[in-house]
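Structural overview
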Amino acid sequence: MIFEKLADGILKHSKAIIAIWVVLLICCVPMALKVGDVMSYDMNDMADENSESVQGLTIVAQYFPSSGVDTSSIPILVLHYEDEAGMAQAQQFIQYLNAAAATDPTWSGKLMSEPMAFYPMSPQGAEDGSGIIMLGVLYNPDVEVNAIDDTPELRAFVDDVMDEFEADYGNVEFSEYVTGMSAISFDMSDGSAKDLQRIEPFTILMILILIGLFFRSFITSATPPMTIGIAFVVVMGLMFLLGQVLNIFFFTQMLLLVTMMGAGCDYCIFIIARYREELRAGKSHHDSLREAIIWAGESIAISGAAVFIGFGSMAVCSYEMVSVMGICMALSIFVALIAALTFIPSMLNLVGDRIFWPTKTDAFMEGGKATRGWYAWCGNIASRYFERSSKFSIKHAKVIVLAAVLVTVPAAYVALESETSYDMISSMSSGDSGEGMDLITEYSNAGMLMPDWVILEFEQPVAYITTQDTPAGPVKVFSWVSDTAYNHVSEMGAQILSSDDNIAEVTTPFYWDAIVNETATSAQINPATNPTDVINAVIAGSNSTITSYLGPTIQGLRAQGMSDVEILFGAGPMIDYIVNHTAGTIGGENIDGDSSSVTYLRVSASTVAASMSATSMGSIQKISEEVDEYLIANPGSGIVESWVTGSAVVMYEVSETISDEMGGIAVLVVVMILLLLFVVMRSYTIPFRSVLTILMSVVWTLAATHYVFVNVLGGEMMWMVPLMLIVICLGLGMDYDILLTTRIKENVTDKGMSNDDAIRHAVVHTGSIITICGLIMAGAFGTLMLSSMEMMQEFGFALCFAILVDALLVRTYIVPAMMHLLGNWNWRGPGRKITDKGSE
């Protein structure tokens, strides 16, 4: 009834419908062109605001130094050398680079001048003489800059200095890479844009070729992608508006493009193919189009509803990246479905069978060109194949179902037992920043650029920052209230370091006087007679993070004319301020001001393995346990609150949340799709059979994806892939099942066919459409494998494989076999009367 009214309305108001779409397109183009401006590239923005890790990051942003050398946010310049000569050259280049930064008109004010703009960390080398030197790029805290947006300019500056260095020193024996989270974020953004430029034309070209071959028409091949292209621009405009209030993660746009092109073109093809089929049957243009809207419209509306349910259910996830992605994807399917239901029929109504030019409908009539000779033989290949496949499925139904079960059982074991990776940074990084990260992983602790933090809040101030006047000008000093807080935090850090072999280094607040006394006592050095030895021993005994700040600080004080005795016995408060402030281990109100009370301390832990690897995720849990145990064992520590945070911790909490929620979301999708199919099919068994076969495809896909990316390519399967695949495939994979099943239902309920005859007829008449649509959707998702990001490649492979298996194998053989075995049970439902020939 609904689709009959829809058909009558479209046939009556076709021009008005097209005009509405044109107006929508014109209105949305300006917003669509700016949609990239509202995309988010920071995964920390996607997490739950109430989670411990996000609250900890908020504390860091509010109370800790803005100029602190935070390796998780500042750009990192990596200099890679192969031998000692290369290392010497790299060290010369550091001086050259800092001199250039101090005089360059663009960068002299933007970067810090004291102690230096490009701050060297500890060199990391291998036994063969190769190694890296990492430089932290320090921005001036008084100048508002965006390190992500500045990445290309920073790289250009470093390249220009490298060219000058090479001109002065000859052949350069080291290479440079700008990396760090800011550079990775920029490269993700830039890589995403380049991926879209690669994927978009390839997707459209592939769709044009496949549709053109199916319909044998240039015009028909262009109509579905043109229609969905209009819908895509409209959705981009709506996403721009949504981006004003929601954080939309950047790869949503890429997934949305291929999803709309795949599913949307499928919906358009269903309408056009049914229209052509009715014309071939001898019906008039009016009746053929009306029949196509009624029957194909019902099928794609049910399919679209299933996909909408799958994507829409993601909106209930508490992780914003997933929930907003679900909203955007559901919106895209809705717009694509409306375009297929209204724009395509309106175009067909105005153009008629000329849309199939140069092929003419008369060619398919009795005696026409398409019914004779080689042309007819080629055209009947598909019909003959699906005729044989349907007969084979019915004849060998038990064997086919048994084979499917035997394949599913081991595939399910692999899918359930396989480990997944949380390292989204590595899976999405590419280009210069990705190569730099690989070098850091090779030569150093892979987790050093993204440490885990323990933020500790004290009931009373543990130290004070004041400003003192000196002959050289005002100087900030740091004065500890007592040793208590320092001792507690140091003990906690030592406990964390010893708790897990994967924790490579723990950095705690620095206390010069206490460490000097400890070092002099343990090394048995007299500070009064050997101050230089004590200073050198303090530097040597500090970890690499503290050393990278302490060494240049001591050099700077010596350059100002202070003796080692003065440094050892009188510069402690000054050293404590420089090291702690630069390292970002202290926090409080107005921490960057002339005076401040320190009420927060930060402990940083870096890991041997990559910060987001499965091993390091286990270390996060260990750190949290150690902090809790220490606070319980030391109730008098003065610590009133603690947070374990950092980008890796955010991802850990997100993964735990999503893993817990996705099971419930998958159940929600299954229940809603079961209800949808129950209402539409009026059958007790078909809904369960449909969901079961979709889950079978998902299990096979997970096993295949794990085998290809882990066993063959030696990578890791991202934790999001299996979770998202289940939800997406429950929606998208239902398309072809619904198309086939509704055709079988039409044959049984309206044409009075027996169950087996209805199956054979439906497979023959929908097999070609399902196959071509499956190839189009699989090809659209498969283009994601052209992406430079590993996670998108995995999504592309998994969705492509799942769609191909579902369209070519499950719907062609397994579904007919199962429906044959179920017999009249397929049609048992409320208000149904079963007969041997069909149902009433």
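Relevant structure appears above.
Below is a summary of the structure that appears in this document.

So, how was this worked out
- Residues numbered from 1 in each chain as written.
- Predicted model: local features only at pLDDT ≥ 70, side-chain atom pairs only at ≥ 80, totals over all residues.
- Heavy atoms only, no water.
- Phe/Tyr/Trp six-rings, centres within 6.5 Å; stacked < 30°, edge-to-face > 60°.
- Buried < 20%, exposed > 50% of the residue type's maximum accessible area, 1.4 Å probe, protein only.
- Lys NZ or Arg CZ within 6 Å of the ring centre and 35° of its normal.
- Helix = DSSP H or I, 4+ residues; strand = E, 2+ residues; numbered from the N terminus.
- Expected span 1.5 Å × (residues − 1).
- Axes fitted to C-alpha atoms, helices over the stretch in contact; angles between N-to-C directions.
- Parallel < 35°, antiparallel > 145°, perpendicular 65-115°, else oblique.
- Contact = heavy atoms within 4.5 Å.
- Nonpolar A, V, L, I, M, F, W, Y, C, P; charged D, E, K, R; others polar.
- Pairing = 2+ DSSP bridges.
- Patch = residues over 30% accessible without salt bridge, like charges linked within 9 Å, V, L, I, M, F, W, Y side chains within 5 Å.
- Areas by Shrake-Rupley, 256 points an atom, 1.4 Å probe, with all protein chains shown as cover.
- Salt bridge = Lys/Arg side-chain N within 4 Å of Asp/Glu carboxyl O.
- Core = buried A, V, L, I, M, F, W, Y, C linked by side-chain atoms within 4.5 Å.

Thoughts on the packing of aromatic side chains
Evaluation of the coordinates by the stated rule reveals 20 aromatic pairs. With a centroid separation of 5.2 Å and an interplanar angle of 80 degrees, the aromatic rings of Phe 478 and Trp 480 are classed as edge-to-face. As far as the burial class goes, Phe 478 and Trp 480 line up, both buried. Here the aromatic residues Tyr 63, Phe 64, Tyr 600 and Trp 643 are joined through ring pairs into a cluster of three or more. The ring of Trp 453 carries the charged tip of Arg 602 above its face, separated from the ring centre by 4.3 Å. Sitting over the face of the ring of Trp 825, Arg 828 holds its NZ or CZ atom 4.5 Å from the ring centroid.

As for helix α25 (residues 720-732)
End to end, α25 covers 17 Å across 13 residues, agreeing with the expected 18 Å (1.5 Å per residue, within 8%). In terms of residue burial, α25 counts as a mostly covered element, since twelve of its 13 residues are buried. Looking only at α25, the buried set comprises Met 720, Val 721, Pro 722, Leu 723, Met 724, Leu 725, Val 727, Ile 728, Cys 729, Leu 730, Gly 731 and Leu 732.

Thoughts on the packing of helix α5 (residues 151-169) against helix α6 (residues 181-215)
Axis separation between α5 and α6 bottoms out at 10 Å; the angle between their running directions is 110 degrees. Between α5 and α6, the crossing angle belongs to the class labelled roughly perpendicular. Between α5 and α6, the contacting residues are Thr 151, Pro 152 and Arg 155 on the first element and Ser 182, Ala 183, Phe 186 and Asp 187 on the second. The class makeup of the residues in the contact of α5 with α6 is three nonpolar, two polar and two charged.

Looking at the pairing of strand β2 (residues 76-81)
In summary, the side chains of a regular strand alternate between the two faces of the sheet. Most of β2 is tucked away: six of the six residues are buried. Where β2 lies against strand β5 (residues 131-137), six bridges are found, and the strand directions are antiparallel. For Leu 77, the partnering residue across the bridge sits in β5 and is Leu 135. Bridge count for β2 against strand β6 (residues 174-179) is six bridges, and the pairing is antiparallel. Each bridged residue has a counterpart across the sheet, and for Leu 79 the counterpart in β6 is Glu 176.

Details of the sheet that holds strand β13 (residues 596-598)
The three strands are arranged β10-β9-β13 in an open sheet whose pairing can be described as antiparallel. The open sheet terminates on both sides in strands that have one partner only, identified here as β10 (473-480) and β13. Adjacent strand axes in the sheet meet at a mean angle of 30 degrees, parallel and antiparallel pairs treated alike. Note: strand β9 (residues 463-470) against β13, three bridges, orientation antiparallel. Along β13, the bridge assignment pairs Ile 465 with Ser 596. With respect to the sheet, helix α21 (residues 572-583) is in contact with β9 and β10, its orientation differing from that of β10 by roughly 85 degrees.

With respect to a nonpolar patch on the surface
A cluster of nonpolar side chains, namely Leu 205, Ile 209 and Leu 213, defines an oily patch on the protein surface of about 310 Å² accessible area. Mapped onto the fold, Ile 209 is located in helix α6.

Brief notes about the nonpolar core
A general tendency of soluble globular proteins is for nonpolar side chains to be buried together. Ranked by internal contacts, the top residues of the largest apolar core, which has 249 residues, are Phe 251, Trp 512, Leu 550, Ile 575 and Trp 719. Considering every element that reaches this core, the biggest residue donor is helix α8 (residues 251-280), with 19 residues. Formed by 23 residues, the second largest nonpolar core is a distinct cluster that contains Ile 94, Ala 100, Val 161 and Val 178.

Some words on the environment of Gly 664
Mapping Gly 664 onto the fold places it in helix α23 (residues 647-681). Overall, Gly 664 belongs to the partly exposed group, its relative accessible area being 43%. Taking C-alpha positions, Gly 664 is 36 Å from Asn 755, a pair spaced 91 residues apart along the chain.

Purely geometric stuff here, so don't read any function into it on its own.
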